[in-house]
Amino acid sequence: SQTIHQWPATLVQPVGSPLSLECTVEGTSNPNLYWYRQAAGRGLQLLFYSVGIGQISSEVPQNLSASRPQDRQFILSSKKLLLSDSGFYLCAWSKDSSGTQYFGPGTRLLVL
Amino acid sequence: EDQVTQSPEALRLQEGESSSLNCSYTVSGLRGLFWYRQDPGKGPEFLFTLYSAGEEKEKERLKATLTKKESFLHITAPKPEDSATYLCAVPPPNSGYSTLTFGKGTMLLVSP
């Protein structure tokens, strides 16, 4: 069966510091991968998605970036965090043509 | 214009009190409507996918139905453990990579 991991689970960072969140998927190959941010009262916002190694599509221009160095690894980064980057970050994967996405446990980020 | 609108934003039920959650969508040529359950501090958990008007799917006390303009999630005789936020999502128009647009969710609280 497939599993998806995210780490860290929680993170407190000062404004202006860098960020690296990691997501890995097990039990499947060549998945589509997604990064979402969920802020209070605003729902799930798609940030990036990837259909293959090195292929990244950005949905929202901002100070975040994503990379996919390996087939089942997806990384969300920032060089300098802003207060507005606080939120709950979720990674998801999908495989078949049904489009069903399966989510990881999330990372809670607080920027102070 | 929002493609997915969920109502109510919050719903409080007594244990055993059946009710329905609504998800209305504006995309044409629907390629699937997805329901998820999200517990506080966790990633969304996939529940159902509906593809055509008239389709119904059931899981325990939950039944999802679909019309040409909306979907309902019926909760029959709910229990406190059904308390969660319920999200619906649709693929946005002109999306070829299985992306989803999510509604803001309905927060359900079932009291014993």
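Whatever comes next refers back to the structure up there.
Thresholds applied
- Residues numbered from 1 in each chain as written.
- Chains lettered and ligands numbered in written order.
- Predicted model: local features only at pLDDT ≥ 70, side-chain atom pairs only at ≥ 80, totals over all residues.
- Heavy atoms only, no water.
- Disulfide = S-S within 2.5 Å.
- Helix = DSSP H or I, 4+ residues; strand = E, 2+ residues; numbered from the N terminus.
- Buried < 20%, exposed > 50% of the residue type's maximum accessible area, 1.4 Å probe, protein only.
- Pairing = 2+ DSSP bridges.
- Axes fitted to C-alpha atoms, helices over the stretch in contact; angles between N-to-C directions.
- Salt bridge = Lys/Arg side-chain N within 4 Å of Asp/Glu carboxyl O.
- Core = buried A, V, L, I, M, F, W, Y, C linked by side-chain atoms within 4.5 Å.
- Contact = heavy atoms within 4.5 Å.
- Phe/Tyr/Trp six-rings, centres within 6.5 Å; stacked < 30°, edge-to-face > 60°.

A.B. asks: Just to check I follow, could you spell out the state of the cysteines for this structure?
C.D. replies: Such a bond, covalent and formed between the sulfur atoms of two cysteines, is termed a disulfide. Scanning all chains against the criterion turns up two disulfides over all chains. One disulfide bridge connects A:C23 with A:C91, the sulfur atoms lying 2.0 Å from each other. Its torsion about the S-S bond being -75°, the disulfide of A:C23 and A:C91 is classed as left-handed. Within this pair, whereas A:C23 is found in strand β3 (residues 19–26), its partner A:C91 is found in strand β9 (residues 87–94), the two being separated by 68 residues in sequence. As far as the burial class goes, A:C23 and A:C91 line up, both buried. With its sulfur 1.9 Å from that of its partner, B:C23 forms a disulfide with B:C88. As the torsion about the S-S bond is roughly 80°, the B:C23-B:C88 disulfide counts as right-handed. Of this pair, B:C23 sits in strand β3 (residues 19–25) while B:C88 sits in strand β9 (residues 84–90), and the two are 65 residues apart along the sequence.

A.B. asks: Sorry, what's going on with the sheet that holds strand β8 (residues 73–78) of chain A here?
C.D. replies: Within a sheet, each strand pairs with its neighbour through backbone hydrogen bonds, oriented either parallel or antiparallel. Residues and elements named next belong to chain A. If you trace the four strands from one edge of the open sheet to the other, you get β1-β3-β8-β7, paired in antiparallel fashion. Looking at strand neighbours, the two that pair on one side only are β1 (3–7) and β7 (64–70), the edges of this open sheet. The sheet shows a mean angle of 20° between the axes of neighbouring strands, direction not considered. Relative to β3, β1 runs antiparallel, the two sharing five bridges. Of the residues in β3, the one forming a bridge with H5 is T24.

A.B. asks: It is not clear to me how the pattern of salt bridges should be interpreted in this structure. Could you clarify?
C.D. replies: Pairs can form between side chains of opposite charge whenever their charged atoms are close. Residues and elements named next belong to chain B. Inspection of every chain in the model, using the stated rule, returns six salt bridges over all chains. Its salt-bridge partner being K63, residue E56 comes within 3.9 Å of it at the nearest N-O pair. A relative accessible area of 48% means that E56 is categorised as partly exposed. The exposure class of K63 is partly exposed, given its relative accessible area of 27%. Across the pair D82 and R61 runs a salt bridge, and its minimum N-O distance is 2.8 Å. Linking D82 in the loop between β8 (70–75) and β9 with R61 in the loop between β6 (56–59) and β7 (62–66), this pair joins segments that are 21 residues apart in sequence.

A.B. asks: Help me out: how do you make sense of the sheet that holds β7(B) in this one?
C.D. replies: All names here are of chain B. The strand order β1-β3-β8-β7-β6 describes an open sheet built from five strands, whose pairing is antiparallel. Two strands close off the open sheet at either side, each with one partner strand: β1 (4–7) and β6. Within this sheet the neighbouring strands show an average axis-to-axis angle of 15°, counted without direction.

A.B. asks: Is there a simple way to explain the nonpolar core in this structure?
C.D. replies: Side chains of a nonpolar character, in soluble globular proteins, are inclined to be buried together. Residues B:L33, B:W35, B:F48, B:L62, B:L73, B:Y86 and B:L108 are the most contacted members of the largest nonpolar core, which totals 23 residues. When contributions to this core are tallied by element, the ones reaching two or more residues are β2 (10–14), β3, β4 (33–38), β5 (45–50), β7, β8, β9 and β11 (106–111) of chain B. Here this core gets four residues from one element, more than from any other, and that element is β9(B). If we ignore the near neighbours within four places in the chain, the residues touching B:Y86 are B:Q6, B:L21, B:W35, B:Y36, B:R37, B:L47, B:L62, B:L73, B:G105, B:T106 and B:L108. Judged by nonpolar contacts, the second largest core, of 19 residues, contains A:L21, A:W35, A:A66 and A:L109.

A.B. asks: Please explain the packing of aromatic side chains as it appears in this structure.
C.D. replies: Centre-to-centre distance and the angle between the planes together describe a pair of aromatic rings. All told, the structure shown has eleven aromatic pairs over all chains when counted by the stated rule. Each ring, one from A:W35 and one from A:F74, has its centre 6.1 Å from the other, and the planes form 25°; the classification is stacked. Placement of A:W35 in strand β4 (residues 32–39) and of A:F74 in strand β8 is noted, with a sequence separation of 39 residues between them. Note on accessibility: A:W35 and A:F74 belong to one class, buried. Ring geometry for B:Y36 against B:F102: centres 5.6 Å apart, planes inclined by 50°, an arrangement best described as tilted. Of this pair, B:Y36 sits in strand β4 while B:F102 sits in strand β10 (residues 101–102); the two residues are 66 residues apart in sequence, bridging distant segments of the chain. For B:Y36, a relative accessible area of 0% corresponds to the buried category. When its relative accessible area of 9% is taken as the criterion, B:F102 is described as buried. Here the aromatic cluster, defined as three or more aromatic residues joined through ring pairs, consists of A:Y34, A:Y36, A:Y49, A:W93, A:Y102, A:F103, B:Y36, B:F46 and B:F102.

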